[in-house]
Amino acid sequence: MIGQQQERERFEKARRSVEIAVFVAGVVAAFAFFAFFPGLPHVIDWGAIVVSLLVGALARWAWRRWTDRDGRRSPRP
């Protein structure tokens, strides 16, 4: 019982780390788009910051949805 609980905690900790990495990757990708895409003003303003955060949240949500669909999530007690 304790072994299963420790395994579940380790799984959740690893999953949280990956979610943070996916969020940061989404934010960085959106910032890079706004900073380097031709034709856009090369200024990071509040709109770009908000959109970048939304893209990061969307990336995290998509990753979580994808992993839940594939059954990689630990079974519920």
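Everything below is about the structure shown above.
For the structure given in this document, a descriptive report is provided here. (Residues numbered from 1 in each chain as written. Predicted model: local features only at pLDDT ≥ 70, side-chain atom pairs only at ≥ 80, totals over all residues. Heavy atoms only, no water.)

## A few points about the overall build of the protein
For the protein, the helix and strand inventory stands at 2 helices and 0 strands. A total of 77 residues make up the protein; the buried ones form 13% of that total. Considering only intrachain contacts with a sequence separation of at least 6, the fraction spanning at least 24 residues in the protein is 64%. (Helix = DSSP H or I, 4+ residues; strand = E, 2+ residues; numbered from the N terminus. Buried < 20%, exposed > 50% of the residue type's maximum accessible area, 1.4 Å probe, protein only. Contact = heavy atoms within 4.5 Å.)

## So, helix α2 (residues 46-69)
If you check α2, its first and last C-alpha atoms are 34 Å apart, about what 24 residues at 1.5 Å a residue would give, namely 34 Å. Within the span of α2, buried status applies to A48, S52, G56 and T67. Against the buried residues of α2 lie α1 (2-36). (Expected span 1.5 Å × (residues − 1).)

## Some thoughts on the packing of α1 against α2
The relative placement of two packed helices is expressed as an angle between their axes plus a distance between the axes. Where α1 contacts α2, the axes come no closer than 7 Å and their chain directions differ by 140°. Between α1 and α2, the angle falls in the class oblique. The two elements α1 and α2 cross, and the hand of that crossing is right-handed. (Axes fitted to C-alpha atoms, helices over the stretch in contact; angles between N-to-C directions. Parallel < 35°, antiparallel > 145°, perpendicular 65-115°, else oblique. Left-handed = near helix turned anticlockwise from the far one by under 90°.)

## Thoughts on the packing of aromatic side chains
Tallied over the entire structure, the rule returns 1 aromatic pair. Relative to F34, the ring of F33 lies with its centre 5.6 Å away and its plane at 70°, an arrangement referred to as edge-to-face. A relative accessible area of 40% places F33 in the partly exposed class. (Phe/Tyr/Trp six-rings, centres within 6.5 Å; stacked < 30°, edge-to-face > 60°.)

## Some words on the pattern of salt bridges
The full count for this structure, using the stated rule, is 5 salt bridges. As a salt-bridge pair, R16 and E19 come within 3.8 Å of each other at their nearest N and O atoms. Here R16 pairs with E19, and both are found in helix α1, just 3 residues apart, close to one helical turn. For R16, a relative accessible area of 47% corresponds to the partly exposed category. (Salt bridge = Lys/Arg side-chain N within 4 Å of Asp/Glu carboxyl O.)

## Details of α1
With 35 residues, α1 extends 51 Å between its outermost C-alpha atoms, agreeing within 8% with the 51 Å of an ideal straight helix rising 1.5 Å per residue. Taken residue by residue, α1 has R15, E19, V22, G26, V27 and A30 as its buried positions. Of the surrounding elements, those touching the buried residues of α1 are α2.

## Regarding a nonpolar patch on the surface
Residues I20, V24 and V28 make up a contiguous nonpolar surface patch of about 250 Å² in total accessible area. Of note, V24 is situated in helix α1. The partly exposed category is assigned to V24, whose relative accessible area is 44%. (Patch = residues over 30% accessible without salt bridge, like charges linked within 9 Å, V, L, I, M, F, W, Y side chains within 5 Å. Areas by Shrake-Rupley, 256 points an atom, 1.4 Å probe, with all protein chains shown as cover.)

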